[in-house]
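Chain residues, written in single-letter form:
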Amino acid sequence: MQQLDLMTATNIASYAIRIARETGINPLAVAVLDSAGHPLAVLRDEHASFLRPQIAIGKARGCLGMGFGGRELARRAQAMPAFFDAINSLTGGEVIPVAGGVLIRNAEGLIMGAIGISGDTSDNDERCAVQAIEQAELVADTGDQLAR
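Residues numbered from 1 in each chain as written. Predicted model: local features only at pLDDT ≥ 70, side-chain atom pairs only at ≥ 80, totals over all residues. Heavy atoms only, no water.

**Side note on the nonpolar core**
Test applied: By nonpolar core we mean a set of buried residues, namely Ala, Val, Leu, Ile, Met, Phe, Trp, Tyr and Cys, connected to one another through side-chain atoms within 4.5 Å. Whether a residue is buried, partly exposed or exposed follows from its accessible area with a 1.4 Å probe, protein chains only, as a fraction of its type maximum: under 20%, in between, or over 50%, in that order. Helix numbers and strand numbers start at the N terminus; a helix is a DSSP run of H or I with at least 4 residues, a strand a run of E with at least 2. A contact between two residues is defined here by any heavy atoms of the two lying within 4.5 Å.
Judged by nonpolar contacts, the single largest core of 23 residues is most densely connected at Ile 12, Val 30, Val 32, Ile 104, Ile 115, Ile 117 and Cys 128. In terms of residue count, the dominant contributor to this core is helix H1 (residues 6-23) (seven residues). Every residue in contact with Val 30, bar those within four places of it in the chain, is listed here: Ala 13, Ala 16, Ile 17, Ala 41, Val 42, Leu 43, Ala 56, Ile 115, Gly 116 and Ile 117. Ranked by size, the runner-up nonpolar core spans 12 residues in total, among them Leu 33, Cys 63, Leu 73 and Ala 77.

Below, the structure written as structure tokens:
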């Protein structure tokens with residue numbers, strides 16, 4: 001698979017919401033973007049609050065824009081707040097540097113897109129993202145240096 005397609009993106013998003021429901025995680029919104037940052041699938045559990053889709057998109061866009069997962073984005077945002085303020089100024093506030101944004105890679109390591117999830121703790125959001133990506137037989141890149 002060279003690029004992320006609509007069906008794969010929709011399956012990933014649906015699976016993430018199903019994981020949350022089955023494990024008692026708060027209602028989620030999930031955004032799956034292609035490698036150019038365009039939304040392929042944006043799903044919101046009917047019980048998730050109305051801002052959750054925008055937050056999910058911001059988590060995914062930040063990963064794609066910077067080229068690493070949400071955990072690394074969070075580390076860098078903490079270390080360089082002025083730089084991330086400038087990035088958010090450039091993007092109209094569309095970068096949310098926290099866990100829950102995960103790059104989607106193929107087996108060769110190429111970035112195919114990203115997923116952002118919002119609704120529970122960032123750790124739980126990320127857990128659902130990783131499991132959904134793995135269910136699609138793709139590789140999740142959270143930006144966690146220990147996972148590499």
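After that view, the rundown keeps rolling.
**Structural notes on the packing of aromatic side chains**
Applied cut-off: By convention, a stacked pair of Phe, Tyr or Trp rings (six-membered ring in the case of Trp) has centres within 6.5 Å and planes under 30 degrees apart, an edge-to-face pair has planes over 60 apart, and any other such pair is tilted.
A full pass over the atoms with the stated rule returns one aromatic pair. When the centroid spacing of 5.6 Å and the interplanar angle of 85 degrees are considered together, the rings of Phe 83 and Phe 84 count as edge-to-face.

**Some remarks on the sheet that holds strand S3 (residues 101-105)**
Heads up, the rule is: We treat two strands as partners when DSSP finds at least two bridges between them. Only the stretch in contact is used when fitting a helix axis, every axis being a line fitted to C-alpha atoms; angles between N-to-C directions are given from 0 to 180 degrees.
Strand order in the open sheet formed by five strands is S2-S1-S4-S3-S5, and the pairing between neighbours is antiparallel. Each of the sheet's edge strands pairs with one partner strand only, and the pair in question is strand S2 (39-44) and strand S5 (139-141). This sheet shows a mean twist of 20 degrees between the axes of neighbouring strands, independent of strand direction. For strand S1 (residues 29-34) and S2, the ladder comprises five bridges, and the chain directions are antiparallel.

**Remarks on the pattern of salt bridges**
Cut-off, in case you're wondering: The salt bridge criterion pairs a side-chain nitrogen of Lys or Arg with a carboxyl oxygen of Asp or Glu, the two atoms within 4 Å.
Here the structure, examined in full by the defined rule, presents nine salt bridges. Linking Asp 45 and Arg 21 is a salt bridge whose minimum nitrogen-to-oxygen distance equals 2.8 Å. Taken together, the residues Asp 45 in the loop between S2 and helix H2 (52-66) and Arg 21 in helix H1 connect sequence positions 24 residues apart. Arg 71 serves as the salt-bridge partner of Asp 123, at 2.4 Å between the closest nitrogen and oxygen. Separated by 52 residues along the polypeptide, Asp 123 in helix H5 (residues 122-135) and Arg 71 in helix H3 (residues 70-79) bring together distant segments of the chain.

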